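# Fold and geometry: a report
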Amino acid sequence: MRTRTAVLASAVTAVLMVAACSSGGTKLDGAAPTTSPPPPHNVVVATHDSWAAPKALLAGFESSSGFHLDVQTNGDAGELTNKLVLTKDSPIADAVYGIDNTFASRAIDAGVLAKYRSPAVTTTQYDIPGGADYLTPIDWGDVCVNVDDAWFAKHQLAAPSSLDDLIKPLYKNLFVAPGAATSSPGFAFLLATIAQYGDSPSGGWQDYWKKLMANGTKLTSGWDDAFDVDYTAGGGNGDRPIVLSYNSDPVSSIPKGGTKPTTHALLNTCFRQVEYASVLAGAKNPVAAKAFIDFLASRAFQESLPDNMYVFPVDAGAKLPALWAKWAPPAPHPLSVDPAQIAANRSNWLTQWSDITS
């Protein structure tokens, strides 16, 4: 508020009265201004362990927005969602990226998310019932069984081609997958088997999983362990040539100087996973959280997704790397389960799955 000196005391009084009316409620009695304080300078983002983005792109967001970005990883997407639910009364971040369509209903029902959807995303094809106001879709990928072709060629074995093959003696002790209780791709795989074999008390997916475990399937807490530690085409020291991963993974298996992948995804085993970003309910800096979500929806960030997190952008106009068009085809008919059915049966399915796999 500006003041100016007047010659007469009465004029000073008049000026002060006018200033008081035009200052947004500033009082003359020494009380604090009623205007809202500026938002905090930091924006804290909770995400999964697979988060990756170009440093230059993130620096650009900080420069243009004025917010310092503090990204905190929290395990797999399933672990991330569980943590947000457990800490909803004292939110650990302002925004979250990485909740997917298999866990989104849990976050919404628990009251973890605040209403916001970036206006930069206009497509509705990735929305789930009841989620459009809370979730901004950012990327998608098909969770599929992947096979190390080089390993099978070396051992002169025919590679599996379907979910049915995974329970055959020929593939005993060869499959590794992240667990459904702690991993979003693991839960997506459970849903794929439910979609494929049904949810009947006798037979169905439960019978399939009993056979799968009896055939030596190994379960890990998250995708990173399954792919980087146990998969023969992952970190390099694994002993299992069949892994649950994504349809985009074959692109990363093209050897230096090579022209084609040494692995492939079984596109008839896939469940489509969509990842979202949201403002957390009770966030300290919701303004910055919204700015960050708008940034994730921007063309520049969308085009960075394939090379950094091996997922597809939701922006149909975003340019894909050339190799993706050739070696990362989406599943033509991905397996699916109605989101309402997932929400209604999640707990029961996971309990049944844990009884079988423990």
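Described in the following lines is the structure provided in the data block. Note that this is a predicted model, so its numbers are computed, not measured. (Residues numbered from 1 in each chain as written. Predicted model: local features only at pLDDT ≥ 70, side-chain atom pairs only at ≥ 80, totals over all residues. Heavy atoms only, no water.)

When helices and strands are counted, the protein shows 13 helices and ten strands. Counting all 358 residues of the protein, 47% fall into the buried class. When the accessible area of the protein is evaluated, it comes to approximately 16,700 Å², of which 54% is carbon and sulfur surface. (Helix = DSSP H or I, 4+ residues; strand = E, 2+ residues; numbered from the N terminus. Buried < 20%, exposed > 50% of the residue type's maximum accessible area, 1.4 Å probe, protein only. Areas by Shrake-Rupley, 256 points an atom, 1.4 Å probe, with all protein chains shown as cover.)

The next thing to look at is the state of the cysteines. Covalent bonding between the sulfur atoms of two cysteines is what defines a disulfide. All told, the structure shown has one disulfide when counted by the stated rule. The disulfide partner of Cys 144 is Cys 270, and the gap between their sulfur atoms is 2.0 Å. Disulfide Cys 144 to Cys 270: torsion about the S-S bond roughly 110°, handedness right-handed. Of the two residues, Cys 144 is situated in strand S4 (residues 136-148) and Cys 270 in the loop between strand S8 (263-265) and strand S9 (271-279); the sequence distance between them amounts to 126 residues. The residues Cys 144 and Cys 270 share a single accessibility class, namely buried. (Disulfide = S-S within 2.5 Å.)

Among the structural elements, Asp 230 can be located in helix H8 (residues 223-230). A distance of 2.7 Å separates a polar atom in the side chain of Asp 230 from a polar atom in the side chain of Lys 218. Once you skip the residues sitting within four places of it in the chain, Asp 230 turns out to touch Val 176, Lys 218, Thr 220, Asp 225, Gly 238, Asp 239 and Arg 240. (Polar contact = N/O pair within 3.5 Å; in protein donor to acceptor, adjacent residues only side chain to side chain. Contact = heavy atoms within 4.5 Å.)

The next thing to look at is helix H13 (residues 339-357). Most pronounced at Asn 345, the bend in H13 amounts to some 60°. All buried positions along H13 are accounted for by Ile 342, Arg 346, Trp 349, Leu 350, Trp 353, Ile 356 and Thr 357. On its buried side, H13 packs onto helix H4 (104-109), helix H6 (184-197), helix H7 (204-214) and strand S6 (218-220). (Bend = angle between axes of the 7 residues up to and from the residue.)

Among the five residues of strand S7 (residues 242-246), five are classified as buried, and the element is accordingly described as predominantly covered. In terms of strand pairing, S4 meets S7 through five bridges, oriented antiparallel. Bridge pairing in S7 links Val 143 to Tyr 246. (Pairing = 2+ DSSP bridges.)

We now examine the packing of helix H2 (residues 55-65) against helix H10 (residues 286-296). At a minimum axis distance of 11 Å, the contact between H2 and H10 shows a crossing angle of 140°. With respect to H10, the element H2 is oriented oblique. Viewed along their axes, H2 and H10 form a crossing whose handedness is right-handed. Across the interface between the two elements, Leu 57, Leu 58 and Phe 61 from H2 touch Ala 291, Phe 292 and Phe 295 from H10. Per-class residue counts for the contact of H2 with H10 are six nonpolar, no polar and no charged. (Axes fitted to C-alpha atoms, helices over the stretch in contact; angles between N-to-C directions. Parallel < 35°, antiparallel > 145°, perpendicular 65-115°, else oblique. Left-handed = near helix turned anticlockwise from the far one by under 90°. Nonpolar A, V, L, I, M, F, W, Y, C, P; charged D, E, K, R; others polar.)

Below, the discussion takes up the pattern of salt bridges. This structure, assessed with the given rule, holds six salt bridges. Where Lys 211 meets Asp 207, a salt bridge forms, and the shortest distance between an N and an O atom there is 3.3 Å. Residue Lys 211 and its partner Asp 207 are both found in helix H7; the two are separated by four residues, about one turn of the helix. Residue Lys 211 is classed as partly exposed on the basis of its relative accessible area, which comes to 43%. (Salt bridge = Lys/Arg side-chain N within 4 Å of Asp/Glu carboxyl O.)

Looking now at the packing of aromatic side chains. In the structure shown here, the tally under the stated rule is 19 aromatic pairs. Ring centres 5.0 Å apart and planes at 35° place the aromatic pair Phe 61 and Phe 295 in the tilted group. Of this pair, Phe 61 sits in helix H2 while Phe 295 sits in helix H10, placing them 234 residues apart in sequence. Taking relative accessible area as the criterion, Phe 295 reaches 10% and is therefore assigned buried. (Phe/Tyr/Trp six-rings, centres within 6.5 Å; stacked < 30°, edge-to-face > 60°.)

Here the focus is the pairing of S4. Here S4 lies mainly inside the structure; 13 of its 13 residues are buried. Pairing analysis gives two bridges linking S4 to strand S10 (residues 312-313), with the strands arranged antiparallel. Paired with Trp 140 across the two strands is Phe 312, which belongs to S10. Pairing of S4 with S8, which is carried by three bridges, proceeds in the antiparallel orientation. Within S8, the residue paired with Asn 146 across the bridge is Ala 265.

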